[in-house]
Amino acid sequence: MSTMTMPFAFRPLDPLEDGELLHRWVTHPKAAYWMMQDARLEDVERAYMEIAADEHHHALLGLGEDGRPAFLMEYYDPAHRELVGLYEPEPGDVGMHFLTPATGTPVHGFTRAVITAVVARLFEDPATRRIVVEPDVHNTAVHALNEAVGFVPVREIEKPEKRALLSFCTRERFERAVAAE
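Residues numbered from 1 in each chain as written. Predicted model: local features only at pLDDT ≥ 70, side-chain atom pairs only at ≥ 80, totals over all residues. Heavy atoms only, no water.

(A) Molecular detail of the sheet that holds strand S4 (residues 93–99). The sheet built from seven strands is open, its strands ordered S1-S2-S3-S4-S5-S7-S6 with mixed pairing. A single partner strand is all that each edge strand has here, and the edge strands are strand S1 (9–12) and strand S6 (152–158). The mean angle between the axes of side-by-side strands here comes to 30°, regardless of whether they run parallel or antiparallel. Strand direction decides the pairing type here: strand S5 (residues 130–133) and strand S7 (residues 163–170), joined by four bridges, are antiparallel. Residue pairing across strands places Val132 opposite Phe168, the latter belonging to S7. Each of S1, strand S2 (57–63), strand S3 (69–76), S4, S5 and S7 is contacted by helix H3 (residues 110–123), which is oriented at about 155° to S4, the strand it contacts most. (Pairing = 2+ DSSP bridges. Helix = DSSP H or I, 4+ residues; strand = E, 2+ residues; numbered from the N terminus. Axes fitted to C-alpha atoms, helices over the stretch in contact; angles between N-to-C directions. Contact = heavy atoms within 4.5 Å.)

(B) Local environment of the environment of Pro15. If you trace the backbone, Pro15 turns up in the loop between S1 and helix H1 (19–27). Residues Pro15 and Leu122, 107 residues apart in the sequence, show an inter-C-alpha distance of 21 Å. In contact with Pro15, not counting residues within four places along its chain, are Glu45, Tyr48, Met49 and Ala52.

(C) Layout of the layout of surface pockets. A volume near 750 Å³ is recorded for the largest pocket. Together, 31 residues line the largest pocket, and Tyr33, Trp34, His97, Phe98 and Leu99 are the ones closest to its centre. Broken down by class, the residue content of the lining of the largest pocket amounts to 17 nonpolar, six polar and eight charged. Estimates place the volume of the second largest pocket at around 490 Å³. Taken together, 21 residues make up the lining of the second largest pocket; nearest its centre are Ala70, Pro101, Thr103, Val107 and Phe110. The set of elements that each furnish at least two residues to the lining of the second largest pocket consists of H1, S3 and H3. (1 Å grid on protein atoms, 1.4 Å probe; cavity = no way out; pocket = protein on both sides within 12 Å on 5 of 7 lines; lining within 4 Å. Points joined across faces, edges and corners; volume = space filled by probe spheres on them. Nonpolar A, V, L, I, M, F, W, Y, C, P; charged D, E, K, R; others polar.)

(D) How the structure looks around the environment of Met96. The topology assignment puts Met96 in strand S4. Its relative accessible area of 3% is what places Met96 among the buried residues. Between the C-alpha atom of Met96 and that of Asp77, which follows or precedes it by 19 residues, the distance is 8.9 Å. The residues touching Met96, leaving out its near neighbours within four places in the chain, are Glu74, Tyr75, Tyr76, Ile115, Val118, Val119, Leu122, Ile131, Val132, Val133, Glu134 and Phe151. (Buried < 20%, exposed > 50% of the residue type's maximum accessible area, 1.4 Å probe, protein only.)

(E) Structural view of the packing of aromatic side chains. In this structure the tally under the stated criterion is five aromatic pairs. Taking the centre distance of 5.9 Å and the plane angle of 80° together, the rings of Phe8 and Phe110 count as edge-to-face. Pair noted here: Phe8 is in the segment before S1 and Phe110 is in helix H3, with a separation of 102 residues, a long-range link. Of the two residues, Phe8 and Phe110, neither departs from the other in class, the shared state being buried. Ring geometry for Tyr87 against Phe168: centres 5.6 Å apart, planes inclined by 45°, an arrangement best described as tilted. Remark: Phe168 occurs in strand S7 and Tyr87 occurs in the loop between S3 and S4; sequence separation between them is 81 residues. On the basis of relative accessible area, Tyr87 is assigned to the buried category, the value being 8%. (Phe/Tyr/Trp six-rings, centres within 6.5 Å; stacked < 30°, edge-to-face > 60°.)

(F) Region of the structure containing the pattern of salt bridges. Applying the stated criterion across every chain, the model contains 14 salt bridges. Here Arg46 makes a salt bridge to Asp43, at a shortest N to O gap of 3.5 Å. Of this pair, Arg46 and Asp43 both sit in helix H2 (residues 41–52), separated by three residues, roughly a single helical turn. Between Lys159 and Glu82 there is a salt bridge, with its nearest N and O atoms 2.5 Å apart. Taken together, the positions of Lys159 in the loop between S6 and S7 and Glu82 in the loop between S3 and S4 put the pair 77 residues apart, joining distant regions of the chain. On the basis of relative accessibility, which here comes to 31%, the residue Glu82 falls in the partly exposed class. One connected set of salt bridges, linked through shared partners, spans Glu82, Glu134, Lys159, Glu161 and Lys162. (Salt bridge = Lys/Arg side-chain N within 4 Å of Asp/Glu carboxyl O.)

Right under this line is the structure:
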């Protein structure tokens, strides 16, 4: 099955300008694994202001062909955020999260195109050697997407907020997965 390719651009997220949009996205029932279901607008703005001020954590909006926000991407240094003490980070490791918002008119292949674009964006940096993800063990949909772009599950880990499936993707595995489409 081939994946649709979509041209995406990226821009830094503005916690205040983008706050209402993000609030709609992260509090929607489809975003349950984002764990912000009951967040108020101020909570979302505050959370993303903290990320904006953090040298080890970054948030970007993926923009669709029309230039409008289409998804959220976060990346972080796992030696300093999210996974500290839960695995042995290697030089060049980059942690990643992404969120595609709920829609009334789903586009077949959209989420696969998003994760492909997110991983490609992270590997644009030559210093990135491996991408690390830690989705909830019950989020089987994202496990399948991760595997489709080259992630290999390593083990389950216990985070304060969830039991997670630690998985890694090297540049080589990503390139092979994308070439195999």
